[in-house]
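# Chains, contacts and geometry: an overview
These are the residues of each chain, in order.
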Amino acid sequence: MMTQAYYSGISGLKSNSAGIDVVSNNLANIDTVGFRGNSYEFSSLFENMIATPDAGGSTNNSIGLGSTLQATPMITQNGSMILTDKSTDLALFGDGWFGIQAEGEPLYTRDGNFTFDKNNDLVTTDGYYVLGTMGGNINSDNELTSQLAEVQLNDVDAQEKLNFPKSLTFPPQPTQNASFSGNIGTEPATRTMSTNVVDPQGDRNELKLSFTLSETQPTIGTQWDVVATTQTLDGTTVYDTQNAQVTFDEAGGLVSSTLTSIDNNGAPIAIDLGSDFSGVVAISNTELSTSSTADGTIGGDLNGYDINKNGEVIATFTNGMQSSVGKIAVYHFQNDQGLNRVSGTRFSESSNSGAALFFKDENGKNIIGTDMENFKLESSNVNMNYGLTDLIILQRAYDANSKSITTADEMMQKALNMNG
């Protein structure tokens, strides 16, 4: 029995010392961004049954030879969110991991403390590339080639480093279509409608329509002469002038128009006056009105990047336009507990965790499967109060096992003295 006391005490010292190491490591990383702590699980060593327990009883009728640290499972609850002043700081609000890579296999982390390096790659503070999918809509001249509402996330093995240039331009999109509507009435006076249009150089011009009653009128309805002009906003330069006629029926609905298009400093614009009562009308005894719309956008320079909750990297421009240019990948595993901890906040996949995967929507498209937000970081998920309490409990258990060894030693000495 005294030998058993030695074994139990020594195993208790070892297991509680290992538990203290786990808790101490947790507390040491209480301020580490994205840190996920470990808990501890003990198991008994070589239990001997000394009596058969009663059916339904809860009494443990066995004697063990001490304990051992069985496992240190990861604490998977999320840490609290920390506000930051950096747009590249990212936090995940649910399940998932960021992917980072330098050389070799990728690593996975909850630490979203990212920044841009000298090559405009999105990286960790020590130079690991953040993985995701580029939109493919930025050319070598740092011009946006297409406007995207969303970037489709590629497959797991096709993720790449993310590169977002500091200077990016939104090229001008010349106006191609202009539509007009409103009531020009039936009185013999000049009516005007106008709208701003964009030419291929990215400059805003004016498209103006002037309606005048024709000298010759049809038997039923009215006919108007219309002069369409494209010119600079100050009117000093005229690019094109088109003369046409429009005809309305006796109710004021548009019957026909010979005005189809006009040149805008090198780009044709299709002019739509509607039909019947859907566009321009000529109705008497009704308030006059004008309305117009035109597509096209002036060029713009990059204001900055933002990241939405779906991981889309959105470029915003001085002309008010936006476009997605990339998507940050969020990886998932069948068993997060099976990940191998490489360093404090970084993990690698293992046979126990299973291979990294992406969640999919109802259409089979890859999605990040959680919400993301920038200007925030996830703090350590270690609770200091619980950690200090566990440390006290483990320390007292360590002391108790140390005392049991001392007591067993004293008993052994007394037994030896008695034999003497």
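The structure this text deals with has already been given above.
This report concerns the structure included in the present document. (Residues numbered from 1 in each chain as written. Predicted model: local features only at pLDDT ≥ 70, side-chain atom pairs only at ≥ 80, totals over all residues. Heavy atoms only, no water.)

Regarding its fold elements, the protein presents two helices and 33 strands. Within the protein, the proportion of its 420 residues that are buried is 39%. Partitioning the contacts of the protein with sequence separation of at least 6, the portion at a separation of at least 24 is 64%. Surface exposure of the protein reaches about 21900 Å², of which carbon and sulfur atoms provide 48%. (Helix = DSSP H or I, 4+ residues; strand = E, 2+ residues; numbered from the N terminus. Buried < 20%, exposed > 50% of the residue type's maximum accessible area, 1.4 Å probe, protein only. Contact = heavy atoms within 4.5 Å. Areas by Shrake-Rupley, 256 points an atom, 1.4 Å probe, with all protein chains shown as cover.)

Attention shifts here to the environment of Ile-271. Mapping Ile-271 onto the fold places it in strand E21 (residues 267–272). By relative accessible area, which is 8% here, Ile-271 ends up buried. For the pair Ile-271 and Ser-179, spaced 92 residues apart in the sequence, the C-alpha separation amounts to 6.0 Å. If near-sequence neighbours (up to four positions away) are discounted, Ile-271 is found in contact with Ala-178, Phe-180, Leu-207, Ala-228, Leu-259, Thr-260, Ser-261 and Ile-262.

Turning our eyes to something else, we now look at the pattern of salt bridges. Across all of its chains, the model carries seven salt bridges by this definition. In this structure, the salt-bridge partner of Lys-86 is Asp-89, at a minimum N-O distance of 3.5 Å. On the basis of relative accessibility, which here comes to 27%, the residue Lys-86 falls in the partly exposed class. Residues Lys-327 and Glu-312 are paired through a salt bridge, measuring 3.2 Å at the closest nitrogen-oxygen approach. (Salt bridge = Lys/Arg side-chain N within 4 Å of Asp/Glu carboxyl O.)

A few words on the environment of Phe-116. Structurally, Phe-116 can be placed in strand E9 (residues 114–116). On the basis of relative accessible area, Phe-116 is assigned to the partly exposed category, the value being 30%. Distance from Phe-116 to Leu-162, taken between C-alpha atoms, is 9.7 Å for residues 46 residues apart in sequence. Among all residues touching Phe-116, those that are not within four sequence positions of it are Thr-88, Asp-121, Leu-122, Val-123 and Phe-164.

Before going further, it helps to spend a moment on the side chain of Asn-366. Looking at where Asn-366 falls in the secondary structure, it is placed in strand E31 (residues 366–367). Overall, Asn-366 belongs to the buried group, its relative accessible area being 7%. At a separation of 3.2 Å, a polar atom in the side chain of Asn-366 contacts the side chain of Asp-155. Discounting chain neighbours no more than four positions away, the residues touching Asn-366 are Gln-152, Leu-153, Asn-154, Asp-155, Phe-358, Phe-359 and Lys-360. (Polar contact = N/O pair within 3.5 Å; in protein donor to acceptor, adjacent residues only side chain to side chain.)

Here we take up the sheet that holds strand E18 (residues 238–248). Judged by pairing direction, the sheet is antiparallel, and its five strands sit side by side in the order E15-E16-E17-E18-E19 without closing on themselves. On the outer flanks of this sheet lie strand E15 (191–198) and strand E19 (254–257), each paired with one strand and no other. Each adjacent strand pair in this sheet contributes to an overall mean axis angle of 25°, direction not counted. Sheet topology note: the E18/E19 ladder contains three bridges and is antiparallel. Pairing of Phe-248 across the sheet is with Leu-254, part of E19. (Pairing = 2+ DSSP bridges. Axes fitted to C-alpha atoms, helices over the stretch in contact; angles between N-to-C directions.)

With that settled, the discussion passes to the packing of aromatic side chains. How two aromatic rings sit relative to each other is given by the distance of their centres and the angle of their planes. Inspection of the entire model under this criterion finds eight aromatic pairs. For the ring pair Phe-98 and Phe-114, a centre distance of 5.2 Å and an interplane angle of 80° mean the geometry is edge-to-face. Placement of the pair is Phe-98 in strand E7 (residues 97–101) and Phe-114 in strand E9, with a sequence separation of 16 residues. On the accessibility criterion, Phe-114 (0% relative accessible area) is buried. Relative to Phe-333, the ring of Tyr-108 has its centre 4.9 Å away and its plane inclined at 80°; by these criteria the two rings are edge-to-face. Here Tyr-108 is found in strand E8 (residues 107–109), whereas its partner Phe-333 is found in the loop between strand E27 (330–331) and strand E28 (340–341), with 225 residues between them in sequence. We note that Tyr-108, like Phe-333, is buried. Here the aromatic residues Tyr-108, Tyr-331, Phe-333 and Phe-358 are joined through ring pairs into a cluster of three or more. Looking at Lys-161, its charged tip hangs above the ring of Tyr-129, at a distance of 4.7 Å from the centre. Positioned above the aromatic ring of Tyr-128, the side-chain terminus of Arg-346 is 4.6 Å from the ring centre. (Phe/Tyr/Trp six-rings, centres within 6.5 Å; stacked < 30°, edge-to-face > 60°. Lys NZ or Arg CZ within 6 Å of the ring centre and 35° of its normal.)

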